[in-house]
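If you want the building blocks of each chain, they are given just below.
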Amino acid sequence: MHGITQQTKETYNKISSDYSSKINKLISDSWVGEFEKKLLNKFLLMIKISKPKVLDIGCGNGKDTYFFQQKGCSAIGIDFSEGMLKEAQNLFTQCKFHQMDMRNLEFSNDLFDGIWANGCIYHVSKKDFAKVLKEVMRVLKSSGIFSFNFKIGISEKIEKNPQSYGENPRFYAYYTNEEMKKILEQVGFKIIKIKPYPKKIFNEQIVHFWSKKP
Ligand SMILES: C[S@@+](CC[C@H](N)C(=O)[O-])C[C@H]1O[C@@H](n2cnc3c(N)ncnc32)[C@H](O)[C@@H]1O
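The structure presented is a predicted model; accordingly, all values stated were derived computationally and were not measured.

Quick notes on a positive patch on the surface
Phase 1 of the analysis: On the surface, Lys38, Lys42, Lys193 and Lys195 cluster together into a positively charged patch.
Phase 2 of the analysis: Counting residues per element, the ones that place at least two in the positive patch are helix H2 (31–47) and strand S8 (190–196).
Phase 3 of the analysis: By secondary structure assignment, the location of lysine 193 is in strand S8.
Phase 4 of the analysis: For lysine 193, a relative accessible area of 31% corresponds to the partly exposed category.

As structure tokens, this is what we get:
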């Protein structure tokens, strides 16, 4: 595994328990929880299938995988961090989680009706994001929905002191809306909807995209 990816994984393994408690608190005590619930519901509405097969990429503590399962989906969560997966398995014993790198999705072609990636695609380099998109395109069924968010900006770098977890370095790649649109369209995705978060989180602007495999 490349150095930047390894460092990000080690950080998530180290902060997993604390990260899980903090994210649960953020979504229960602030506007973020209600806002993200709307994004999750919009994703399910766009899939337009009852009991869809849904993949949650970079699932972290599994909260979104659980949301999908509660809504009647056949849901699978994947994450490369053993620590985060342990949190997920402990919190949501009834859900399916697998250790996997988003750059190499170990699933057959045309399997999922929808793929969700919340707060994670910015942890791969821009070069690797092209690989992720090809994998997402491969494992999605035709007309499948890919729904994800990212941080607005222009750089890509290891942040030694990220705002949310100082002194625990993680890699981040930032995109502009135009850049992201172009990348998705180059791989063949059709962009359906773009929604900026109404306020910054940890001083950063986040944008949510919904896109479709033709
Ligand atoms: C900010 S957390 C978000 C977790 C979750 N999606 C949520 O909404 O709370 C980012 C997650 O992405 C995972 N991740 C980062 N790079 C990954 C990769 N290359 N493959 C799989 N998971 C990855 C991390 O382990 C971490 O759990």
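Here we look at the sheet that holds strand S2 (residues 74–79)
Phase 1 of the analysis: Pairing is mixed in the open sheet, where seven strands are placed in the order S3-S2-S1-S4-S5-S9-S8. Here the strands that pair on one side only, and so sit at the sheet edges, are strand S3 (96–99) and S8. Neighbour to neighbour, the strand axes of the sheet diverge by 15° on average, direction disregarded.
Phase 2 of the analysis: Bridging between strand S4 (residues 112–117) and strand S5 (residues 140–151) involves five bridges; their strand directions are parallel. By the bridge assignment, tryptophan 116 is partnered in S5 with serine 147.
Phase 3 of the analysis: Along the sheet face, helix H3 (residues 63–70) touches strand S1 (53–57), S2, S3 and S4 and points at about 175° away from the line of S2.
Phase 4 of the analysis: Packed on one face of the sheet, helix H6 (residues 177–187) meets S5, S8 and strand S9 (206–212) and runs near 20° to S9.

Conventions we followed
- Residues numbered from 1 in each chain as written.
- Predicted model: local features only at pLDDT ≥ 70, side-chain atom pairs only at ≥ 80, totals over all residues.
- Heavy atoms only, no water.
- Patch = residues over 30% accessible without salt bridge, like charges linked within 9 Å, V, L, I, M, F, W, Y side chains within 5 Å.
- Areas by Shrake-Rupley, 256 points an atom, 1.4 Å probe, with all protein chains shown as cover.
- Salt bridge = Lys/Arg side-chain N within 4 Å of Asp/Glu carboxyl O.
- Lys, Arg positive; Asp, Glu negative; His and termini not counted.
- Charge placed at Lys NZ, Arg CZ, Asp CG, Glu CD.
- Helix = DSSP H or I, 4+ residues; strand = E, 2+ residues; numbered from the N terminus.
- Buried < 20%, exposed > 50% of the residue type's maximum accessible area, 1.4 Å probe, protein only.
- Pairing = 2+ DSSP bridges.
- Axes fitted to C-alpha atoms, helices over the stretch in contact; angles between N-to-C directions.
- Contact = heavy atoms within 4.5 Å.

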